[in-house]
Amino acid sequence: TTTAFMQAGASPDFIQIGREVGQGILFDEGRIGPDSSAAAWGAYVHLLSAGINGARETAPKARIVLHLEGGNAAWSAALVDSLLARGVKFDLVGVSWYPWYHGTISQLGEMLQLLAEHSGKGVPVLETAYPWTLSDTDEVFNEVSQPVQPHPGYEATPEGQKRWIADVIALVKEMPPGRGVFYEEPTDIAAKGVG
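The structure displayed is predicted, hence computed values, not measured ones.

Student: How do you make sense of the nonpolar core when you look at a structure like this?
Tutor: The nonpolar side chains of a soluble globular protein tend to be buried, and buried together. Judged by nonpolar contacts, the single largest core of 43 residues is most densely connected at Tyr 44, Leu 48, Leu 83 and Leu 112. Of all elements in the fold, only helix H2 (38–58), strand S4 (63–68), helix H3 (73–85), strand S5 (92–96), helix H5 (105–119) and helix H6 (158–173) reach the threshold of two or more residues within this core. No other element matches H2, which puts 7 residues into this core. Apart from the residues within four sequence positions on either side, Leu 83 is in contact with Trp 41, Tyr 44, Val 45, Leu 48, Leu 66, Val 88 and Phe 90.

Encoded structure:
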């Protein structure tokens, strides 16, 4: 895929190897966890490194992003430590952060800071979103539809959505270089006429 982009003159600036790889990659071969064996870690590191090496060979100027799921900062920091100790070479550590799954904006700040300290790298938010309504306005299942799901202090309104995103951007700007915020997962949130 990267080769096709390069041949088309669309050199990527960033490449993430997998999505939310904090529990592994290419299950079950590359599944890992806190109690995984040396063999499981070896398989995980081999698969992740193969993806990184392939990306670097085909798009040498692209920055490699390790994409982790939000929520468990201690495990994510330990994972980063383990990967660096095993010689895995990446340029940024990114996280997904949806408040209805992962926690508060304050907890996001703590996780970003911890990952920056452990990795010595920039930590962008690779996925985040916020609801503008809890109503089912598009006739498909909406992941965010319960009154308990929105972040405290941020209503599920267009204004609450705008303030959430502005506050996440402001938080990320305080982090080390390499930062950024990517809005993601529109299918979780009602969008009339889109579905």
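Continuing now.
Student: I would appreciate a short explanation of H2 in the present structure.
Tutor: Taking 1.5 Å as the rise per residue, H2 with 21 residues should run 30 Å; its terminal C-alpha atoms sit 30 Å apart, in good agreement. What H2 keeps buried is the set Ala 40, Trp 41, Ala 43, Tyr 44, Val 45, Leu 48, Ser 49, Ile 52 and Ala 55. For H2, the elements touching its buried residues are strand S1 (14–16), strand S2 (24–25), strand S3 (30–31), S4 and H3.

Student: Help me understand the side chain of Glu 127 in this model?
Tutor: By the secondary structure assignment, Glu 127 is in strand S6 (residues 125–128). In this structure the side chain of Glu 127 is engaged in a polar contact, spanning 2.6 Å, whose partner is the side chain of Tyr 98. Apart from residues lying up to four places away in sequence, Glu 127 is in contact with Arg 19, Glu 20, His 67, Val 95, Ser 96, Trp 97, Tyr 98, Phe 182 and Glu 184.

Student: How should I be thinking about the sheet that holds S5 in this particular structure?
Tutor: Adjacent strands of a sheet pair through backbone hydrogen bonds, lying either parallel or antiparallel. Strand order in the open sheet formed by 5 strands is S1-S4-S5-S6-S7, and the pairing between neighbours is parallel. Whereas interior strands pair on both sides, the edge strands pair on one side only; in this sheet they are S1 and strand S7 (181–183). When the angles between neighbouring strand axes are averaged without regard to direction, this sheet yields 30 degrees. Its contacts with the sheet place H5 against S4, S5 and S6, and it is angled at close to 160 degrees to S5.

Student: When you look at the packing of H5 against H6 in this model, what are you seeing that I'm missing?
Tutor: Angle between the axes and distance between the axes are the two parameters that describe a pair of packed helices. Where H5 meets H6, the closest approach of the two axes is 10 Å, and the angle between their N-to-C directions is 25 degrees. Taken together, H5 and H6 sit at an angle that is classed as roughly parallel. In this structure, the crossing between H5 and H6 has a hand that is right-handed. Within the contact between the two elements, H5 uses Ile 105, Leu 108, Gly 109 and Leu 112 and H6 uses Trp 164, Asp 167, Val 168, Leu 171 and Val 172. Residue composition of the contact of H5 with H6, by class: 7 nonpolar, 1 polar and 1 charged.

Student: Can you help me understand the pattern of salt bridges in this one?
Tutor: Opposite charge on two side chains allows them to pair when their charged atoms are near. Applying the stated criterion to the full structure yields 4 salt bridges. Between Arg 19 and Glu 20 there is a salt bridge; the shortest N-O distance is 3.5 Å. Among the residues examined, Arg 19 registers a relative accessible area of 45% and is labelled partly exposed. With a shortest N-O distance of 2.8 Å, Arg 31 and Asp 28 are connected by a salt bridge. On the basis of relative accessible area, Arg 31 is assigned to the partly exposed category, the value being 42%.

Student: Looking at this model, I keep getting lost on the pairing of S6. Mind explaining?
Tutor: Remark: a regular strand shows side chains that alternate across the two faces of the sheet. Note: S5 against S6, 2 bridges, orientation parallel. Looking across to S6, one finds that Val 95 is bridged to Val 125. In terms of strand pairing, S6 meets S7 through 2 bridges, oriented parallel. Across the sheet, the residue bridging to Val 125 is Val 181, located in S7.

Student: What's the story with the environment of Trp 97 in this structure? I'm lost.
Tutor: Tracing the backbone through its elements, the reader meets Trp 97 in the loop between S5 and helix H4 (99–102). Judged by its relative accessible area of 1%, Trp 97 is buried. Considering only alpha carbons, one finds Trp 97 and Gly 51, 46 residues apart in sequence, at a separation of 24 Å. Setting aside its immediate chain neighbours within four residues, Trp 97 contacts Gly 70, Gly 71, His 102, Gly 103, Thr 104, Gln 107, Leu 108, Met 111, Glu 127, Thr 128, Ala 129 and Trp 164. Within the local environment of Trp 97, its side chain forms a polar contact with the backbone oxygen of Gly 103, the two atoms lying 3.2 Å apart.

Calculation notes
Residues numbered from 1 in each chain as written. Predicted model: local features only at pLDDT ≥ 70, side-chain atom pairs only at ≥ 80, totals over all residues. Heavy atoms only, no water. Core = buried A, V, L, I, M, F, W, Y, C linked by side-chain atoms within 4.5 Å. Buried < 20%, exposed > 50% of the residue type's maximum accessible area, 1.4 Å probe, protein only. Helix = DSSP H or I, 4+ residues; strand = E, 2+ residues; numbered from the N terminus. Contact = heavy atoms within 4.5 Å. Expected span 1.5 Å × (residues − 1). Polar contact = N/O pair within 3.5 Å; in protein donor to acceptor, adjacent residues only side chain to side chain. Pairing = 2+ DSSP bridges. Axes fitted to C-alpha atoms, helices over the stretch in contact; angles between N-to-C directions. Parallel < 35°, antiparallel > 145°, perpendicular 65-115°, else oblique. Left-handed = near helix turned anticlockwise from the far one by under 90°. Nonpolar A, V, L, I, M, F, W, Y, C, P; charged D, E, K, R; others polar. Salt bridge = Lys/Arg side-chain N within 4 Å of Asp/Glu carboxyl O.

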